[in-house]
Amino acid sequence: MIMKRIYTSLCAVAIALTITSSARAQDQSQSIRPITTKGTMAMEFAFGGLSSMQMGAVDLAQIFLPSQGEGGSTQTYLAAAGVKYYIADELALRGLLAFSTSTSGDPDPTKSSNGKDVQTLFGIGVGVEMHTHPVYAVSPYFGAQLTFATSGLTNTKNQVDRADSKDASTLATTTVETKSSGNGIGIGLLAGFDWYVTHGIAIGAEYTLGFSTSSTSETVSGTTTDYPSTTMIGIASGNIHMLVHF
């Protein structure tokens, strides 16, 4: 009788373990897994505003431009479109591209005291990601990235030279053109993760430990002045991003 009870108990334990193992295997097969297989592609967005779920372009770099007539410099941030493509399982190449142009003001001093500004921004970044073994729906990765960015600003201003005579026909206009340019190069080591909240969509975070250098110059009436370069080494950025596979 005792042996029968022991045998019955062992059978019950075995059946329970079998059911639990089967259920766990079924859960794992149906759980969301990272998409890191060869040939897959995803768009990358900057993710912010946790309350309003905002998405935007990815920060690529910051470029310095001389401040006209002020002797200092101003910062310009480049926002880029990002794409990631897996060339092999758990090995991805990623690219960033930034471009914008804007025009403001007028060279006529009666319409704009600061003249007319035309600014063009361009930047490109390439990088590689090596993903490690996934932890449930999380795919940790590390890698490296190289970026290049450039910015140019042209200011055109008409200056009215008045003669001693009050005759309006003696008035002359001189056009003064000031060109400012900035270039930057960055090299960084990456460490981050992608957490797949649903199939094909992931939210991730990343740190960049990098080196960057930038240079600026200004040309006024044909005379060019080169300013000292700026170099930075350290944790260049920390960001939250979103991936959308297609």
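For every chain, the first residue of the written sequence is number 1, and numbering continues from 1 along that sequence. Restriction of local features to residues with pLDDT of at least 70 applies here, the model being predicted, together with a cutoff of 80 or more for giving and counting side-chain atom pairs; totals for whole chains, interfaces and linings are based on all residues. Derived side-chain values reflect all non-hydrogen atoms in the structure, with water molecules and hydrogen atoms excluded from consideration.

Participant: Sorry, what's going on with unusual backbone geometry here?
Facilitator: A negative phi angle characterises most non-glycine residues, just as the trans form characterises most peptide bonds. We note that Glu 90 has phi near 65°; this positive angle belongs to a residue other than glycine. Along the chain, the position of Glu 90 falls in the loop between strand 4 (73–88) and strand 5 (91–105). On the basis of relative accessible area, Glu 90 is assigned to the partly exposed category, the value being 27%. Its identity is not glycine, yet Tyr 136 carries a phi of approximately 55°, on the positive side. Helix and strand labels come from DSSP, where a helix needs a run of H or I of at least four residues and a strand needs a run of E of at least two; each type is numbered from the N terminus. Among the secondary structure elements, Tyr 136 is positioned in the loop between strand 6 (116–131) and strand 7 (138–161). We call a residue buried when its accessible area falls under 20% of the maximum for its residue type, exposed when it is over 50%, and partly exposed in between, using a 1.4 Å probe and counting protein chains only.

Participant: Where do I start with the confidence of the model for the protein chain in this structure?
Facilitator: Do not read the predicted coordinates in detail wherever pLDDT is low. A residue's pLDDT is the confidence the predictor assigns to it, expressed on a 0 to 100 scale. In the predicted model, the protein chain carries a mean pLDDT of 79, and 77% of its residues have values of at least 70. The secondary structure element of the protein chain with the lowest average pLDDT is helix 1 (residues 2–30), at 43, and the one with the highest is strand 6, at 92. The model gives residues 1–29 a pLDDT under 50, and that stretch makes 1 contact with residues more than four places away or in other chains. The contact definition used throughout considers only heavy atoms, calling two residues in contact when any of these lie within 4.5 Å.

Participant: Looking at this structure, I do not really get the nonpolar core. What am I missing?
Facilitator: Taken as a class, soluble globular proteins show a tendency for nonpolar side chains to be buried jointly. Grouped together as the largest cluster of nonpolar side chains are 9 residues: Val 58, Leu 60, Ile 63, Leu 78, Ala 80, Leu 96, Ala 98, Leu 121 and Ala 149. Elements that contribute at least two residues to this core include exactly strand 3 (58–66), strand 4 and strand 5. With 3 residues, strand 3 is the single largest residue contributor to this core. In this view, Leu 78 contacts Val 58, Asp 59, Leu 60, Ala 61, Ile 63, Ala 98, Leu 121, Phe 122, Gly 123 and Ala 149; residues no more than four positions away in its chain are not counted. The definition of a nonpolar core used throughout is a set of buried Ala, Val, Leu, Ile, Met, Phe, Trp, Tyr and Cys residues joined through side-chain atoms within 4.5 Å.

Participant: Sorry if this is basic, but what is going on with the side chain of Glu 129 here?
Facilitator: By secondary structure assignment, the location of Glu 129 is in strand 6. Note on Glu 129: relative accessible area 0%, which makes it buried. We define a polar contact as two N or O atoms separated by no more than 3.5 Å, with the added condition that, inside protein, one atom must be a possible hydrogen donor and the other a possible acceptor, whereas residues neighbouring each other in sequence contribute only through side-chain atom pairs. A polar contact is formed between the side chain of Glu 129 and the side chain of Lys 84, at a distance of 2.9 Å. Here the side chain of Glu 129 touches His 131 through a polar contact of 2.9 Å, side chain to side chain. Setting aside anything within four residues of it in sequence, one finds Glu 129 in contact with Lys 84, Glu 90, Leu 91, Ala 92, Arg 94, Tyr 141, Phe 142 and Gly 143.

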